[in-house]
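One letter stands for each residue in the lines below.
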There are 2 protein chains.
Amino acid sequence: MPGMMDTILNLGLNDETAEGLATQSGNARFAYDSYRRFVQMYGDVVFDLKAVAGGDLLEEALEHLKQQRGVVRDMDLEASDLRDLVATFKQIITQQTGRPFPDDPGEQLWGAIEAVFRSWDTRRATDYRRVHDIPDDLGTAVNVVAMVYGNMGDDSGTGVAFTRDPSTGERTVFGEFLPNAQGEDVVAGRRDPEPIRAMADRCPDAYRDFLDVCRTLETHYHDMQDIEFTVERGTLYMLQTRTAKRTAQAAVRVAVEMVDEGLIAEREAVLRVQPAQLDQLLHPTIDPEASIEVLAVGLPASPGAAIGRVVFDADTAERRAANEPVILVRRETSPDDFHGMVAAQAILTQRGGMTSHAAVVARGMGKSCIVGCKELDVSEKDRVFRVDQVRIAEGDWITVDGSTGQVIRGQVPLVDPGLDERFDRLMGWADQFRMLRVRTNADTPHDAERARSFGAEGIGLCRTEHMFFEGDRITAMREMILARDLEGRRRALLKLLPMQRQDFAGLFRAMDGYPVTIRLLDPPLHEFLPHTDEEIQDLATTMDVAPDRLKHTVSMLTEANPMLGHRGCRLGITFPEITEMQVEAIFLAACEVADEGVAVFPEIMVPLVAHVEELRRQERVVRQTAERVFTNTRCRIDYLFGTMIELPRTALTADEIAEVAEFFSFGTNDLTQTTFGLSRDDAGRFLPIYLEQNILPTDPFQSLDQRGVGRLVGVGVGLGRETSPTLKIGICGEHGGDPESIAFCHHLGLNYVSCSPFRVPIARLAAAQAALCDVSTPQLGVGLSGGRDIAANA
Amino acid sequence: MPGMMDTILNLGLNDETAEGLATQSGNARFAYDSYRRFVQMYGDVVFDLKAVAGGDLLEEALEHLKQQRGVVRDMDLEASDLRDLVATFKQIITQQTGRPFPDDPGEQLWGAIEAVFRSWDTRRATDYRRVHDIPDDLGTAVNVVAMVYGNMGDDSGTGVAFTRDPSTGERTVFGEFLPNAQGEDVVAGRRDPEPIRAMADRCPDAYRDFLDVCRTLETHYHDMQDIEFTVERGTLYMLQTRTAKRTAQAAVRVAVEMVDEGLIAEREAVLRVQPAQLDQLLHPTIDPEASIEVLAVGLPASPGAAIGRVVFDADTAERRAANEPVILVRRETSPDDFHGMVAAQAILTQRGGMTSHAAVVARGMGKSCIVGCKELDVSEKDRVFRVDQVRIAEGDWITVDGSTGQVIRGQVPLVDPGLDERFDRLMGWADQFRMLRVRTNADTPHDAERARSFGAEGIGLCRTEHMFFEGDRITAMREMILARDLEGRRRALLKLLPMQRQDFAGLFRAMDGYPVTIRLLDPPLHEFLPHTDEEIQDLATTMDVAPDRLKHTVSMLTEANPMLGHRGCRLGITFPEITEMQVEAIFLAACEVADEGVAVFPEIMVPLVAHVEELRRQERVVRQTAERVFTNTRCRIDYLFGTMIELPRTALTADEIAEVAEFFSFGTNDLTQTTFGLSRDDAGRFLPIYLEQNILPTDPFQSLDQRGVGRLVGVGVGLGRETSPTLKIGICGEHGGDPESIAFCHHLGLNYVSCSPFRVPIARLAAAQAALCDVSTPQLGVGLSGGRDIAANA
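Cut-off values and rules
Residues numbered from 1 in each chain as written. Chains lettered and ligands numbered in written order. Predicted model: local features only at pLDDT ≥ 70, side-chain atom pairs only at ≥ 80, totals over all residues. Heavy atoms only, no water. Helix = DSSP H or I, 4+ residues; strand = E, 2+ residues; numbered from the N terminus. Buried < 20%, exposed > 50% of the residue type's maximum accessible area, 1.4 Å probe, protein only. Contact = heavy atoms within 4.5 Å. Areas by Shrake-Rupley, 256 points an atom, 1.4 Å probe, with all protein chains shown as cover. Lys, Arg positive; Asp, Glu negative; His and termini not counted. Charge placed at Lys NZ, Arg CZ, Asp CG, Glu CD. Axes fitted to C-alpha atoms, helices over the stretch in contact; angles between N-to-C directions. Parallel < 35°, antiparallel > 145°, perpendicular 65-115°, else oblique. Left-handed = near helix turned anticlockwise from the far one by under 90°. Nonpolar A, V, L, I, M, F, W, Y, C, P; charged D, E, K, R; others polar. Disulfide = S-S within 2.5 Å. Salt bridge = Lys/Arg side-chain N within 4 Å of Asp/Glu carboxyl O. Buried area = accessible area lost by both parts, 1.4 Å probe. Polar contact = N/O pair within 3.5 Å; in protein donor to acceptor, adjacent residues only side chain to side chain. Expected span 1.5 Å × (residues − 1). Phe/Tyr/Trp six-rings, centres within 6.5 Å; stacked < 30°, edge-to-face > 60°. Lys NZ or Arg CZ within 6 Å of the ring centre and 35° of its normal. Least-squares fit on C-alpha atoms with pLDDT ≥ 70 in both. Pairing = 2+ DSSP bridges. Patch = residues over 30% accessible without salt bridge, like charges linked within 9 Å, V, L, I, M, F, W, Y side chains within 5 Å.

Peer 1: What should I look at first to understand the overall build of chain A in this one?
Peer 2: In terms of helices and strands, chain A carries 33 helices and 26 strands. The dimensions of chain A, computed from C-alpha atoms along their principal axes, are 100 × 60 × 50 Å. Going through the 794 residues of chain A one by one, you find that 56% of them count as buried. When contacts within chain A are restricted to residue pairs at least 6 apart in sequence, long-range pairs at least 24 apart make up 67% of them. For chain A, the accessible area works out to roughly 32,900 Å², and carbon and sulfur atoms hold 48% of it. Within chain A, the 122 negative side-chain charges are centred at a point lying 4 Å from the centre of the 83 positive side-chain charges.

Peer 1: Would you take a moment to explain the packing of helix 21 (residues 533–543) of chain B against helix 22 (residues 547–557) of chain B for this structure?
Peer 2: Helix-helix packing is characterised by the crossing angle of the two axes and by the distance between the axes. Residues and elements named next belong to chain B. In the contact formed by helix 21 and helix 22, the axes pass within 9 Å of each other and the chain directions differ by 125°. Considering the angle they form, helix 21 stands oblique to helix 22. Taken as a pair, helix 21 and helix 22 cross one another with a handedness that is right-handed. Across the interface between the two elements, Asp533, Ile536, Gln537, Leu539 and Ala540 of helix 21 pack against Pro547, Leu550, Lys551 and Val554 of helix 22. Each residue belonging to the contact of helix 21 with helix 22 can be placed in one class, and the counts come to 6 nonpolar, 1 polar and 2 charged.

Peer 1: Would you take a moment to explain the state of the cysteines for this structure?
Peer 2: Note on terminology: a disulfide is the covalent bond linking the sulfur atoms of two cysteines. Summed over the entire model, instances satisfying the criterion amount to 0 disulfides over all chains. We note that A:Cys569 lacks a disulfide partner, and the nearest cysteine sulfur, in A:Cys732, lies 15 Å from it. B:Cys373 provides the cysteine sulfur closest to B:Cys369, a residue in no disulfide bond, and the two sulfurs are 11 Å apart. You can call B:Cys369 buried: its relative accessible area is 0%.

Peer 1: Explain the pattern of salt bridges to me, please; I cannot follow it from the model alone.
Peer 2: Residue and element names in this part refer to chain A. With the rule as written, the count across this model stands at 120 salt bridges over all chains. Across the salt bridge formed by Arg422 and Glu257, the nearest N and O atoms sit 3.6 Å from each other. Of the two residues, Arg422 is situated in helix 17 (residues 421–433) and Glu257 in helix 11 (residues 248–260); the sequence distance between them amounts to 165 residues. We classify Glu257 as buried; its relative accessible area is 16%.

Peer 1: I tried to follow the interface of chain A and chain B on my own but got confused; where do I start?
Peer 2: Reports often express the size of an interface as the amount of accessible area lost when the parts come together. On the chain B side, the residues contacting the 64 residues of chain A number 61 residues. By the criterion of area lost to chain B, the three top residues of chain A are A:Leu564, A:Arg649 and A:Arg685, representing 12% of everything that side buries. Across the chain A-chain B interface, the total number found is 6 salt bridges. We note a salt bridge from A:Asp655 to B:Arg711, for which the minimum N-O separation is 3.0 Å. Where chain A packs against chain B, one counts 30 residue pairs in polar contact (both at pLDDT 80 or more). In terms of residue count, the dominant contributor to the side of chain A that touches chain B is helix 25 (residues 612–633) of chain A (5 residues). In the side of chain A that touches chain B, the residues fall into 25 nonpolar, 17 polar and 22 charged.

Peer 1: What am I meant to see in helix 11 (residues 248–260) of chain B here?
Peer 2: Counting along an α-helix, one turn takes 3.6 residues, and residues three or four places apart therefore face a common direction. Residue and element names in this part refer to chain B. Taking 1.5 Å as the rise per residue, helix 11 with 13 residues should run 18 Å; its terminal C-alpha atoms sit 19 Å apart, in good agreement. Most of helix 11 sits out of view: 10 of its 13 residues are buried. By the burial criterion, the buried members of helix 11 are Ala248, Ala250, Ala251, Val252, Val254, Ala255, Val256, Glu257, Met258 and Val259. Turning to helix 11, the residues buried within the fold contact helix 10 (204–221), helix 12 (266–272), helix 13 (279–282) and helix 17 (421–433).

Peer 1: What am I meant to see in the packing of aromatic side chains here?
Peer 2: The geometry of two aromatic rings is summed up by the distance between their centres and the angle between their planes. Residues and elements named next belong to chain A. A full pass over the atoms with the stated rule returns 36 aromatic pairs over all chains. Aromatic side chains Tyr42 and Phe47 sit 6.1 Å apart centroid to centroid with 55° between the ring planes, which places their arrangement in the tilted category. Assigned by exposure class, Tyr42 and Phe47 land together as buried. Here Arg83 stacks its cationic end above the ring of Tyr32, 5.6 Å away from the centre of that ring. When the ring centre of Tyr752 is taken as origin, the NZ or CZ atom of Arg439, which lies over that ring, is 3.9 Å away.

Peer 1: Quick question: what am I supposed to make of the relation of the copies chain A and chain B here?
Peer 2: In this arrangement, two copies of a chain are superimposed by a rotation about an axis accompanied by a shift along the axis. Expressed as a screw operation, the relation of chain A to chain B combines 0.2 Å of axial shift with a rotation of 180°, fitting to an RMSD of 0.2 Å. The transformation just described matches what one would write down for a two-fold rotation axis. Counting the interface residues of chain A, we find that 95% of their copies in chain B are interface residues as well, pointing to one common contact surface.

Peer 1: Which parts of the structure should I look at to understand unusual backbone geometry?
Peer 2: Most peptide bonds take the trans configuration, and most residues that are not glycine carry a negative phi. Unlike most non-glycine residues, A:His222 shows phi in positive territory, near 55°. Its location among the elements puts A:His222 in the loop between helix 10 (204–221) and strand 4 (225–232). Judged by relative accessible area, A:His222 falls into the partly exposed class, the value being 32%. You will see that B:Asn180, though not glycine, has its phi angle at about 45°, which is positive. Inspection of the secondary structure assignment puts B:Asn180 in the loop between strand 2 (174–179) and helix 8 (183–188).

Peer 1: It is not clear to me how the sheet that holds strand 25 (residues 728–731) of chain A should be interpreted in this structure. Could you clarify?
Peer 2: Across a sheet, paired strands are connected by hydrogen bonds in the backbone, their directions being either parallel or antiparallel. Residue and element names in this part refer to chain A. Strand order in the closed barrel formed by 8 strands is 19-20-21-22-23-24-25-26, with parallel pairing between adjacent strands. Taking each pair of neighbouring strands and ignoring which way they run, the sheet shows an average axis angle of 25°. Here strand 24 (residues 663–666) runs beside strand 25; their pairing, made up of 4 bridges, is parallel. Opposite Phe663, over in strand 25, you have Lys728 as the bridge partner.

Peer 1: In this structure, what is going on with the sheet that holds strand 1 (residues 157–162) of chain B? I would like to understand it.
Peer 2: All names here are of chain B. An order of 3-2-1-4-5 is seen for the 5 strands of this open sheet, with the pairing classed as antiparallel. Both edges of this open sheet fall to strand 3 (194–195) and strand 5 (235–243), since each of them pairs with a single strand only. When strand 2 meets strand 3, the two strands line up antiparallel, connected through 2 bridges. Across the sheet, residue Glu176 finds its bridge partner in strand 3, namely Pro195.

Peer 1: Can you walk me through the packing of helix 2 (residues 28–45) of chain A against helix 5 (residues 79–97) of chain A in this structure?
Peer 2: Residues and elements named next belong to chain A. Where helix 2 contacts helix 5, the axes come no closer than 8 Å and their chain directions differ by 15°. Considering the angle they form, helix 2 stands roughly parallel to helix 5. The crossing of helix 2 and helix 5 is left-handed. In contact with Ala28, Arg29, Tyr32, Asp33, Tyr35, Arg36, Val39, Gln40 and Gly43 of helix 2, helix 5 contributes Ala79, Leu82, Arg83, Leu85, Val86, Phe89, Lys90 and Ile93.

Peer 1: Sorry if this is basic, but what is going on with a nonpolar patch on the surface here?
Peer 2: All names here are of chain A. Residues Ile292, Val294 and Val297 make up a contiguous nonpolar surface patch of roughly 200 Å² in combined accessible area. Here Ile292 shows up in the loop between strand 6 (285–286) and strand 7 (294–297). A residue is classified by how much of its surface remains accessible, and Ile292, at 35% relative accessible area, is partly exposed.

Peer 1: What is the right way to read the environment of A:Glu627 from this model?
Peer 2: Residue and element names in this part refer to chain A. If you trace the backbone, Glu627 turns up in helix 25. Overall, Glu627 belongs to the partly exposed group, its relative accessible area being 35%. Here Arg636 takes part through its side chain, which lies 2.8 Å from a polar atom of the side chain of Glu627.

Don't take any of this as a statement about function, it's just geometry.
See below:
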C-alpha cells in the first residue's frame, strides 16, 4: 500500500559499532558504506528530510564528494571518505530539522517505529484508503528483526529463489545466488548472480537447509513461494517469503500438481489461478526473446499478438487477406468495416476506448485489437499512418500485441500457446463449484462453435444486425430502409428472411441442447447507410435511385444522439414488419433443425425497452408470428420471450416488466452509458484523465460500477423477482467476462453471465471463485432480495 | 370514460305507444320518427348490431328509403314511411341477432340496463382502465328517468344554459332556448335557437323557476353550472347539470367572485382554476372572430400568438427585426441561432420535440414557438418553405399560434390579454397555501425581472452558456477553445471574465433578497464552433488561424453522442481554469452588488455530476477561488455549493453526493433523457407514434414520468436526506412548470420548483393545489422518506 513504509532499515549503527563492524569484517569500506546508507535512509524516512529541506541534500553531498574524488560509482569511494560523509550527513540533518541524529540504537529503533506509524496518516495513504475503501482504523504493523550479513566472506552470500519455476510451473527450485554479497548488491547489478544450484557447491549445508525450508514453507503455505535469504558464515537465514507471482501457465500447472501432491484441495486449486490471467493461455504472444521496435502503445482492447500488412479500409482488407495476413488500421471503425475486421488478423485504431466499436467487435471475435492509440496519426485518404517521424504505408508489415497495446514495426516472431490436459482438469473442477451458468455472445456459427469448445452453455446474446453487413445482405437491408412504404419494406425483408433463417439454423445447430438468445434488430437504421457524398453517389448508382433522394434519407435518419434515438424496440414498434421477419426466420430455422433432431431452445429478446407497454406490443407481434409459423410448419417449439434491461427506467420498473418478460438480460454496456451519461465512443477525451487522477476507481466499461450501475442492476433483479420469483436473469454486457463483475452477478443471484467466446474460460473460473468465496452459496436465494436493500442502503 | 354507454335511450315505445303519441301530440311524423330513432339506437347499443352484422344495416335501410322517396333529409320522410321503416329495422335485427326486438317496455329497460353493465368489460373500456389505472372493480351506474317532451306546442321548448358567462365569467345566466323542440333539434341545427332571455316572454313561469333552479344548483354545487332543460306544457324539467367549462378569464373571475359572494372559501377558489389554463392569460391570442388559412399544425411548444415576416437564419432575423417583426423558421435550431431567436417574435421549426432546443429556449423567453411541424419542408438554402403546393418565401407574412401549434398564412388580428386585480387576489391566496417555493429559470436580468413580476422567489437555474453566444463573447469563447495550451486558455478566459461578472451582477440585482442558482458551463465545447465549411472558413479568417487547424479542432470535438460526451463538470475537471473564471466572476459580482446594499445569495451548481469524486474536485476549485476573491476584495458572501441531479447514477448514489453537495437540483430534462435512453432532439421519429398508440400515456418531457424517472427522483431525495436531513432540494427541468409534476414534487417533499418566467404563476397555483389536496400537508416531513418507499413499491 503506498504511504506505508516498507523500507527495511538496518538500525543499530553508530560511530562505535561501525568501527567494530569494520574491524570484525575486515572490510572498512563495507562497514562505512553500510553506515552511510543507513544514515541517509534514516534521514529520508524518519526525519522526512527531503520534504523539510525541499530537496535531496544528502544525495547532493554524496555527489559533491564523488566529484571531488573524481569517481563515478559510490563503491569507488574510500572508507575514510565514507566515514567523513556520515559526519556531513548528520550535520545536515541537525541543521535542517533541529534534531540531532540519534546514536543510541534504542532511540533509532523508536524513531523508526514511530515513522512507520506516522506514515498511516500521510495524505497519500489517506487518499489511497478513501479510493480503495480501506477503513482508517485498520492500522499498520512494524517488524523488528536482527540483521545478518551475506558479505562476510566466501561462506556467506545472498539469494532469491522460487520454490517452483514461475514461468512453467515445473516442480524444481528456481533462483539465483550471489556469494559474499548483500541483497542490495544483486539489485545494484554490481555482480552477476549464479544459478541457485551453484550454492550446493559453495555452502552445501546451507543449501540442504535451504531445500528443506522450501519444502516446509510450501507445506505450510500450501503455495509456491518467492523467497529471499542470506547465508552468514555457512548459516542460512530466511529474510522473507511470500506467495510467488507466476505466469498463467505456471499458475495452472502448480495448482493442478499441488492437488496431485495432496498439498491442496481441488477448491483451493480453483482459487489459485487468477481468471484474468487465462487470457495469456488462449492467444499467441510475442516471443519474449525477440528484439522489437515499439512504435506506439494504445489501449489493449483484445488480447493476443498478430502480424500483418497494414491496410486502411475494409474492402482492401478483404481483398488482400485472401493472399496474406493484414492488419486493419482505422481512425475508428463503424459497422461498415465489419467484413474488413473479419478478414484482418488484428485491428488497430487511433480513437475509441476499451468498449468502442472496434474493441467490442474484436473481442467478440477473439481477434487481437488495439484502440485509442493516440500517438498514431492515421490518414485513411493518404493510406499511411505516422508516429512522430516514422511513416508506415499501406502494405508495410507491423506486429501488434493486443495484450499490451504495443504497436511494433515489422514482423516479430510469435509464440503459440496451448491448452493442455491440466487446464481442462482445472476448468472441470471450476464447473463443479460455480452456480452461475456461462454463455457466450456469438453472432456466427463459427463463434458459437469456438465458444462451445471453451465450455459455453448457450448463447446469451446474438446480435442480429451483424448479420446484415455481409455481402449483398447490406443491399437488401438498404432497400428496406429506403422503401417508400410498407409494401416496399416487406419486399426487401422477404429477401433478408432466408438469409436470417440460415444464420439462425447454424447457431441452433452449434448450440444443440443449449439455449440461444436472439436479440431483435437494435442499431439505428442510419448505421446501415453510407455517409460520405462519394459513397452515397456509388450506392445511388448501384441501387438505381436518385442520389438526392438517398442523400435526403441519410440526412433524415441522421440523429443528434443516435445512442438515444430511433433504435432497439423503437424500430420494431414503428416497423413491426421487421420484427415479424426476424421472428419468422427464427422459428422457421428452429423447426428445420428440430426436424434434424437438434434440441433447440430459442429465447427472443427485445432490445432497448424503456416502458412495459413497448414490450407488450412486441410480444403480441412475436407470439402471433410464432403461432403462424407453427401452424404452417405443423411444428411447435418451446421458447421464451424476454427483454434486455439496458436502460435505467427498465430496471426501475422491473416489477412491471416482469409481468411480460420471461427472462431479463442486463445489457450493462448500454446501462452503464445511460446511468453514467457517458458515451463510450466519446469518453476518450476525459475518461483517461478521470482514471489517471483517480476520480473513478476503474473504467466502468471494463468492470461493472457496483455502487451506481450495480445498484440499479440490484433494483432490477429485486423488483423483477418480486413479480416473478423464478425469473431467469442474465447479463450480456462486456462485464460478463470480467471476474469482479462476475462475482457481483453471483452475489445478486443471477442465473448466467454471457461473454465473448475467448472469455468463457475466464468466466467459468471467476464464477467458481465467486461461489467458493461466498459463505452463503448453498442458499442461492440470498442475493435475490438485493434489489430493495441495495437501493436503500449505501 | 370511453366504453361507458352515455347514450340517453328513449325507452318505452312500441307500435301501440307510438300510435298513442302520434294521436296525443297531433304530430304523427314526430311520433314515428322518435320510434324509428329509438329502435335504431337500441339496435346499435343493446343488440350491438353493427358489430354482429359487420356494417350499419339500419343506416343503409334508412338511406335506401330516402333514395326511393327522393328526399335528402330524414325530416322529409312521411310518418307512414317511418312506421314502415321501424318494421324493416325490427326485421333486420331479428335476422342478424336471432333475437326479436322487445315490445315490452320493461323488457326494453332491462335490456338497456344490462347493455350498460356489459359495456364495462368491452376491450375499449378495459384498455382505457389499464392505461389510466382505474380499478376493474369500480363498476358503473345506470340512471332511469321518465321522459318529457319539449315539442308539445308553443308552451314547450328546450334549452342549454350556463349559470354565468363561460367566456368572461360575468354573473349572468347565459344560454339558448328553442321553443317547441327537443334537444336533438338544437343539435341537428334545424332551427336557430333564441337567446335564453326569450324564454321569459314565452313561458315566464318556467323561466322564473329556471332562474331559481340556477341559483339553487350553484348554491348546492358551489360552482358555475352547465344545464340542459326541457319545458313541457309550461312545466320546467331539468335534464342534466354539470360543472361548466370556462375560459381562463372566466375561471379566475368566477372563483374570485364566488369567494366574495360567500359561496366558496378561498382555498376552494384556488382549486377552481386549472393551472395550465393560466397560459391563456399571459399571452396574446388569435382573434376568435378572424377567418384564417391554416397552413400546417405543429407541436405547440411555447404559447402565445405572433405575427411576422418569415426569415430563415439568425443573422437575417436580427437585421430585419430592427425594422419589422420577424418569425424565425428553421429546420431546427442550435445555440448558434440564439441571437436570432432573441430578435424574432416567434420561432417555427420543422423538426424537434416539445423539449428540443427551440422549444426550451423559446419557453424560457416566453416567446411563441411551434416545433416539429413535419408538414413543412424548410429549405434554408433556398430561403423558402413549402406545405404541399403552398410556397412561403423569405419576407412573406405568417401568423403562428404557439398555444395550438397552428401556422397561418398572412397577418391575423390578435387579441391582447391582460392580468387584472382578480388574478392577483387569486394568486395571493395560492401563495398562502403552497409549501413549495417557486423559482425561475433565467439567464438574463430581463428574464429575471419579468419572472419576479410573476412572483418568482429566486433563480433556480441560470444557464451560463447562453451568455457566451452574444456579440463578441462567442469570439473570446472560441479563442478559449482553440487555445493550444493553458496559457492561451487563460488569456481568452480573462476576456470573458468581466462580461460574466456583469451578467451575474445584473441577475443578483434583479433577484435582490432571493437566491440565485448559477450552473457552471454545461454544453460540449463543440456547440460554440461553426460547422459548415463556409462558416469555418469565415471564422478562420476572422480569427487569423489556418482553416485546416480550425477544421481539425472542430472535427476533434465532434462527438458521436454529444449529450453523453465531454460536457458538464467533465469540462470543469479537464479545464479547471474555466470553473475558476466563472466562480471568480460570480463572487466579484456578488461582492460588488453586496456593496450596493443588495442582498445576494449565490448558489453554485455543478452540472452533469455522475460520481461524488467529480463533485469533490470541483468543490476544491470553487472554494479556493471564492476564498481568493474574498481575500482580495475584503468582502465575504455566504453561498451554497451544490449539484444538478441529472444522471441516474447521481440519484442512485445521492447518499454519497449529499456528503459534498449543500443542495440538489433535479435536472429532469436530462434525467428523463438518460433514464429513458431517449434523446429529445431525436424522439420526433417515434415519440408521436408512441403517444398516438398509447404506448406512453404522456410525453415524458412534458410531464414527469412518475413511475420511472419519478422513482429515481424519489430514490435521490430519500438517499440525499438520509445523509443530510435538511438538504435543500429543487427541480429545474421543464417539468418545474407542469402542474402534475409540481404535485409530485410537493409529495416528495422538495423545497422548490424552478420554471421559465411565464410558467411561474402556473407553478404557484399548481403548488397551492398540491398542498390543498394533500391530507398530510401540515406535516411537511411526510414526503421526505419517499425515496425508499417509491423505489420499493410499484
